[in-house]
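# Structure assessment
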Amino acid sequence: MTDAVPAKSRKDIGTLVIASLLVAIGLLTLYDTTGYSDSDSIVFPTFVAYALILGSLTVIIHCWLRPNPELGFGTGDWWRRLLLVASMIVACLVMPFSGFLPATAIAFAGSLVAARHEGWDVKSALVFALSGAVIMAGFYVLFRFALSVPLP
């Protein structure tokens, strides 16, 4: 049995749904920032909300203009995807109790293990640990001092 719609014209429905949800989350964030009393606290979430909306609208437009029904999860290691999401969720749950840097270390370590397809050796582990510490410290300084974002 053949499809009624040719494969070339089918849209990636999953991409359209998720991008639309992200637009809605961005709009909800913009609405939420209207209740903030401190004007310094509005800058960062507003910027991120606008970036999320713009990026998601770009994805929606691209998906409509150049559909690719072969996109999707593909073939890959599911444990890597689960580890990436789980490390971010754990970092969010731990942050109020441990603070910004330990929670960021959890997210960074989980993401790194999930993304590293090559084998591990001592040299690469040290390079990644050192560069991760520098990146996390840089984000801490950026958020805490340059953007004046209150951190846990």
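Residues numbered from 1 in each chain as written. Predicted model: local features only at pLDDT ≥ 70, side-chain atom pairs only at ≥ 80, totals over all residues. Heavy atoms only, no water.

### Focus: the pattern of salt bridges
Operational definition: A pair is scored as a salt bridge if a Lys or Arg side-chain nitrogen falls within 4 Å of a carboxyl oxygen belonging to Asp or Glu.
Evaluated as defined, the whole model comprises one salt bridge. Of the charged contacts, one joins Glu118 and Arg116 as a salt bridge, the two residues approaching to 3.3 Å between their closest N and O atoms.

### Thoughts on the side chain of Thr33
The line we're drawing: A run of DSSP states H or I qualifies as a helix once it reaches four residues; a run of E qualifies as a strand once it reaches two. Both are numbered from the N-terminal end. For every residue, the accessible area obtained with a 1.4 Å probe (protein chains only) is divided by the maximum for its type, and the residue is called buried under 20%, exposed over 50%, and partly exposed between those limits. Polar contacts, as counted here, are pairs of nitrogen or oxygen atoms within 3.5 Å of one another; within protein the pair requires one atom able to donate a hydrogen and one able to accept it, and residues that are adjacent in sequence qualify only if both atoms are side-chain atoms. In this analysis, two residues are considered to be in contact whenever any of their non-hydrogen atoms come within 4.5 Å of each other.
In this fold, Thr33 is placed in helix H1 (residues 13-33). By relative accessible area, Thr33 is classed as buried at 6%. Engagement of the side chain of Thr33 in a polar contact is seen with the backbone oxygen of Leu30, the distance being 2.7 Å. Not counting chain neighbours up to four residues away, the residues in contact with Thr33 comprise Ile42, Pro45 and Thr46.

### Topic: the nonpolar core
Here is the rule we go by: Nonpolar cores are built from buried Ala, Val, Leu, Ile, Met, Phe, Trp, Tyr and Cys residues. Side-chain atoms within 4.5 Å join them into one set.
Of all hydrophobic cores here, the largest spans five residues; its members are Leu16, Ala19, Val23, Ile60 and Cys63. Every element with two or more residues in this core is listed here: H1 and helix H2 (40-65). Of the residues forming this core, the biggest block, three residues, is contributed by H1. Beyond its immediate sequence surroundings of up to four residues, Val23 is in contact with Ile53, Ser56, Leu57 and Ile60.

### Remarks on the layout of surface pockets
We apply this condition: Every definition here rests on a 1 Å grid over the protein atoms only: cavities are sets of points where a 1.4 Å probe fits but cannot get out, pockets are open sets enclosed by protein on both sides within 12 Å along at least five of seven lines, and lining residues have some atom within 4 Å of a point. Grid points are joined across faces, edges and corners, and a volume is the space filled by probe spheres set on the points. Residues are grouped as follows: nonpolar covers Ala, Val, Leu, Ile, Met, Phe, Trp, Tyr, Cys and Pro; charged covers Asp, Glu, Lys and Arg; every other residue, Gly included, is treated as polar.
Computed from the structure, the largest pocket encloses a volume of approximately 250 Å³. Along its surface, the largest pocket is lined by 14 residues, and Ser41, Phe44, Pro45, Val149 and Pro150 are the ones closest to its centre. If you tally residues by element for the lining of the largest pocket, the top one is H2, at five residues. Split into classes, the residues belonging to the lining of the largest pocket amount to 11 nonpolar, two polar and one charged. Space inside the second largest pocket adds up to approximately 190 Å³. Mapped onto the lining of the second largest pocket, the elements with two or more residues apiece are helix H3 (78-98), helix H4 (100-115) and helix H5 (122-146). Looking at which element gives the most residues to the lining of the second largest pocket, the answer is H4, with five residues.

Such coordinate-based values are descriptive only and should not be taken to indicate function.
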